[in-house]
Amino acid sequence: MNLTIKQQIETKVRDAIKQAMIEGIFPEDLLIPEVQVESPKNPEFGDFATNISFPLTKILKKSPHDIAGILIKYLEKEKMIKKVEVAGAGFINFWIASERLHEILKEIEINGERYGSSNIGQRKKTIVEFLSANPTGPLHVGHGRGAAIGDIIGNILGFCGYDVTREYYINDVGNQMVKLGASLQSRYLDLLGESLPLPEEGYQGEYMIDIAKKLYELEGDSCRDKDVLYFKNFAMSEILEDIRQSLLSFGVHFNSWFAESTLYQEEMIKKVLDKLENMGYTYEANGALWLKTTAFGDDKDRVLIRENQIPTYFTGDIAYHCSKYVRGYELLIDLWGADHHGYINRLKAACLALNYPKESLVILLYQLVSLSRGNQPVSMSTRQGEFVTLTEVIQEVGKDAARFFFCMRKSDAHLDFDLELARSQSQENPVYYVQYAHARICSILRKAREAGLEIKSYEKIDVSVLNLSEELMLLSKMSTLQDEVLGCARTFEPHRLTIYLMEMVSIFHNYYNHHRIISSESDITDARLLLVNGLRIVLKNTLSLLGISAPEEM
RNA sequence: GCGUCCGUAGCUCAACGGAUAGAGCGUUGGACUUCGAAUCCACAGGUUGGAGGUUCGAAUCCUCUCGGACGCGCCA
């Protein structure tokens, strides 16, 4: 794709500085700072603005106002810039020529559903691991946040040209799973009229009884003498199937499900341990084997093999991340709940010890969701079986509203999910504001078609009649889709897209309420139909990145 | 005790170190005989928890402090 308007301005500002250097106005050895161009909040400050004069002040020993004054001499010669002026203490504000804004419609026409995409990822093999909830119970509301954010980050990176795989890591090894098996065994024997108490800290939820019933329906009483392992496997596969179904209704699709147990089957654990040992980063103490993570920024060393000779969870996790590298991934993105933050340094340390490049492992956190009903906190414990499932929430408020709600907020902010509020606000969820605009445009296009008006191609239309300030603002907003997506990819902040959508749609609703798209003036009608159709595509592309539907009517 | 994150309008939240801190909900008053009123327009609402500091400029960065959440296992 060609450069966006914003990127063109950045280039032109840099060129202006270089030109001033060539002409001896600026010193020839000047180190040009990064040029930042933004869309100002206040429309009086133009379509775009840059603060470049400020970082240059110190280097050039001139006032920002004077520097800006020098630069605009070069910039005002540019054809795509209608007006450029110095404002405030030294900001440079740009008004884009309408001809350039109109071209956005041509770019949308050419690129269609790819409009906004890019190739900075250069097909880099990337694995996004998220959710990875233990298969000990159904997904609850809190999991929804991780699922939504992880899925959307995957979409965004894919749109930016990364080769993305989404993976779910299944913790099918360890004590919790044994307890799960024992819990099912107890519930199953209950059905046979035999009593085996639930294990200490066993899983008490209703769903375990349902699974026991299912096992009884399938196998009768023939499992009376099966061991805990048998029950564990049955419980786990049932629960994983339930998780898969929940995710399906939430619009989340994993390409890969990776079981912890395969690390043992394929001796990955042993290989990693050997490697760390050979590199001299391990030692024995108190009967256990330790990894010197402190040599790589951790605050204490960590146990790899316990005194009882069983590897720790950590060892498995090192082997797991190692397997990602072995499978050819160059960029590893992990999305964890913030309760795991204390674990970051040790995992990063282990990957450094194994000589993997530091930047190749990115660990993102999202803050936990607390649940309340009215003002009363609701606890969420899988073990005690007290929780509201993700499926229930989706049934109540819908997939689109739930996803939008989860990704509207910065992921490092705490989120309180009030069930009553969620229900009452489901009708007021901003997602409808955005979807309504899309449906409204589709309705206009239907009306036009009924009147025998088709959307003509860009070349056949006189787009110069699009000269209302709302139309130009809309085009200016539409022009930054790629910039917004790239910003999200750089910062891993998907919530920016929701803000972008709301700002853009607000301009549209305002425009719609004050001007008619279809009118008796056919040249204006043609151009406006092309404009709203372009907006429809921008909305659809953005919603699709968020995994939210773009309804044609609602 | 140590560490991570958060504190912004009555409520839920935005704001790449930038210009007069913005939206929605709620309150008040207006706009449908014309493309969808799930919309639009107007009004009101703030010492960005508090105190210092860094600089051309701080809600944002640093130090201290108050309040909240979460971590600190040879658990997973």
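Preceding this section is the structure that the text describes.
Below, the structure is looked at part by part. (Residues numbered from 1 in each chain as written. Chains lettered and ligands numbered in written order. Predicted model: local features only at pLDDT ≥ 70, side-chain atom pairs only at ≥ 80, totals over all residues. Heavy atoms only, no water.)

**So, the nonpolar core**
The cut-off we apply is this: Definition used in this section: a nonpolar core is a set of buried Ala, Val, Leu, Ile, Met, Phe, Trp, Tyr and Cys residues joined via side-chain atoms within 4.5 Å. Note on classification: 1.4 Å probe, protein chains only; a residue is buried when its accessible area is under 20% of the maximum for its type, exposed when over 50%, partly exposed between these limits. Helix and strand definitions here come from DSSP, where helices need a minimum of 4 consecutive H or I residues and strands a minimum of 2 consecutive E residues; each element is numbered from the N-terminal end.
One finds Phe26 and Met478 to be the most contacted residues of the largest nonpolar core, which totals 142 residues. Among the elements that make up this core, the one with the highest residue count is helix H20 (residues 522–546) (twelve residues). Core analysis: the second largest hydrophobic core is formed by 32 residues, Ile127, Tyr325, Leu347 and Ala350 among them.

**Focus on empty space enclosed by the protein**
For clarity, the threshold we go by: Note on definitions: the grid is 1 Å and covers protein atoms alone; a cavity is a set of points where a 1.4 Å probe fits but cannot get out; a pocket is an open set with protein on both sides within 12 Å along at least five of seven lines; lining residues have an atom within 4 Å of a point. Grid points are joined across faces, edges and corners, and a volume is the space filled by probe spheres set on the points. Gly counts as polar in this scheme, as do all residues outside two lists: the nonpolar Ala, Val, Leu, Ile, Met, Phe, Trp, Tyr, Cys and Pro, and the charged Asp, Glu, Lys and Arg.
Going through the model one piece at a time under the given rule, you end up with two cavities of 30 Å³ or more. Size it by volume and the largest cavity reaches roughly 60 Å³. Surrounding the largest cavity, Tyr325, Lys348, Cys351, Leu352, Tyr356, Pro357, Lys358, Ser360 and Leu361 form its lining. No other element matches the three residues that helix H12 (residues 344–353) contributes to the lining of the largest cavity. In the lining of the largest cavity, the residues fall into six nonpolar, one polar and two charged. For the second largest cavity, the calculated volume is near 30 Å³. Lining the second largest cavity are Ile153, Ile156, Leu157, Cys488, Ala489, Phe492, Glu493 and Pro494. For the lining of the second largest cavity, the secondary-structure elements that each account for two or more residues are helix H5 (141–159) and helix H18 (481–491).

**Considering the layout of surface pockets**
Taken as a whole, the second largest pocket holds about 1400 Å³ of empty space. Around the second largest pocket, the lining comprises 44 residues; the ones closest to its centre are Ser132, Ala133, Asn134, Asn171 and His340. Looking at the lining of the second largest pocket residue by residue, the classes come out as 18 nonpolar, 18 polar and eight charged.

**What to know about the packing of helix H1 (residues 5–22) against helix H3 (residues 64–75)**
What counts, and what does not: Axis definition: a line fit to C-alpha positions, over the contact stretch in the case of helices; interaxial angles, taken between N-to-C directions, run 0 to 180 degrees. Throughout this description, any angle smaller than 35 degrees is read as roughly parallel, any larger than 145 degrees as roughly antiparallel, any in the 65 to 115 degree range as roughly perpendicular, and the remainder as oblique. Contacts were defined at the residue level, with two residues in contact if any of their heavy atoms lie within 4.5 Å.
Between H1 and H3, the shortest axis-to-axis distance is 9 Å and the interhelical angle comes to 110°. As the angle between them shows, H1 and H3 are arranged roughly perpendicular. Contacts from Lys12, Val13, Ala16, Ile17, Gln19 and Ala20 of H1 reach H3 at Leu71, Tyr74 and Leu75. Counted by class, the contact of H1 with H3 contains seven nonpolar, one polar and one charged residues.

**A few points about the sheet that holds strand S8 (residues 282–285)**
The pairing of strands in a sheet comes from backbone hydrogen bonds and takes either a parallel or an antiparallel form. Selection criterion: Pairing between two strands is assigned when DSSP locates at least 2 bridges connecting them.
Strand order across the open sheet formed by three strands is S8-S9-S10, with antiparallel pairing between neighbours. Each end of this open sheet is capped by a strand with a single partner; those strands are S8 and strand S10 (302–305). Adjacent strand axes in the sheet meet at a mean angle of 45°, parallel and antiparallel pairs treated alike. Examined bridge by bridge, S8 and strand S9 (residues 288–291) share four bridges and lie antiparallel to one another. From the neighbouring strand, Thr282 faces S9, where its bridge partner is Leu291. Helix H10 (residues 268–278) contacts S8, S9 and S10 of the sheet and is inclined by roughly 125° relative to S10.

**Section: the pairing of strand S12 (residues 361–366)**
The following threshold applies: With the strands aimed away from the viewer, a crossover counts as right-handed if its path from the first strand over the helix to the second runs clockwise.
Of all six residues in S12, five are buried, a share of seventy percent or more. By the bridge criterion, six bridges tie strand S11 (residues 331–337) to S12 in an arrangement that is parallel. Considered in S12, the bridge of Leu335 is made with Leu364. Between the parallel pair S11 and S12, the chain is carried across by H12, and the sense of this crossover is right-handed.

**Section: the pattern of salt bridges**
Pairing between side chains of opposite charge can happen when the charged atoms of each approach one another. Let me state the cut-off plainly: Counted as salt bridges are all cases of a side-chain nitrogen of Lys or Arg within 4 Å of a carboxyl oxygen of Asp or Glu.
Tallying each qualifying case throughout the model produces 21 salt bridges. Linking Arg403 and Asp151 is a salt bridge whose minimum nitrogen-to-oxygen distance equals 2.5 Å. With Arg403 in helix H14 (residues 399–407) and Asp151 in helix H5, this residue pair connects regions lying 252 residues apart in the sequence. On the accessibility criterion, Arg403 (0% relative accessible area) is buried. Overall, the relative accessible area of 4% leaves Asp151 in the buried class. We note a salt bridge from Arg496 to Glu493, for which the minimum N-O separation is 3.3 Å. Judged by relative accessible area, Arg496 falls into the partly exposed class, the value being 28%. Owing to a relative accessible area of 28%, Glu493 belongs among the partly exposed residues under this scheme. Linked by salt bridges that have partners in common, Arg100, Glu103 and Glu107 make up one network.

**Structural notes on the side chain of Ser186**
You can see Ser186 is positioned in helix H6 (residues 175–191). Note on Ser186: relative accessible area 2%, which makes it buried. Residues within four places of Ser186 in sequence aside, it is in contact with Leu196, Pro197 and Leu198.

**So, the packing of H6 against helix H7 (residues 206–219)**
This is how the line gets drawn: In this scheme the handedness of a crossing depends on how the near helix is turned from the far one: anticlockwise by less than a right angle means left-handed, clockwise means right-handed.
It is at 9 Å that the axes of H6 and H7 come closest, and there the two elements cross at 60°. Crossing of H6 against H7: the hand is right-handed. Across the interface between the two elements, Leu180, Ser183, Leu184, Arg187, Tyr188 and Leu191 of H6 pack against Met208, Ile209, Ile211, Ala212, Lys213, Leu215 and Tyr216 of H7. Each residue belonging to the contact of H6 with H7 can be placed in one class, and the counts come to ten nonpolar, one polar and two charged.

**Observations regarding the protein's contact with RNA strand B**
Rules: A molecule or strand has a residue near it when one of that residue's heavy atoms lies within 4 Å. Identification of polar contacts relies on pairs of N or O atoms within 3.5 Å, with a donor-acceptor requirement for protein atoms, meaning one able to donate a hydrogen and the other able to accept it, and with residues adjacent in sequence counted only if both atoms are side-chain atoms.
Taken together, 58 residues are adjacent to RNA strand B, and Glu38, Arg409, Tyr433, Asn510 and His515 come closest. Expressed as a percentage, the sugar and phosphate content of the atoms of RNA strand B within 4 Å of the protein is 58%. Between RNA strand B and Gln36 there is a distance of 3.0 Å, counted from a base oxygen to a side-chain nitrogen or oxygen. In this structure, Ile518 approaches RNA strand B through a main-chain N or O atom, which is 3.0 Å from a base oxygen. Every element with two or more residues in the surface near RNA strand B is listed here: helix H2 (53–60), strand S4 (91–96), S9, strand S15 (415–418), helix H16 (430–450) and helix H19 (495–514). Broken down by element, the residue count for the surface near RNA strand B peaks at eight residues, all from H16. Partitioned by chemical class, the residues of the surface near RNA strand B number 23 nonpolar, 17 polar and 18 charged.

This is a description of form; function is not addressed.
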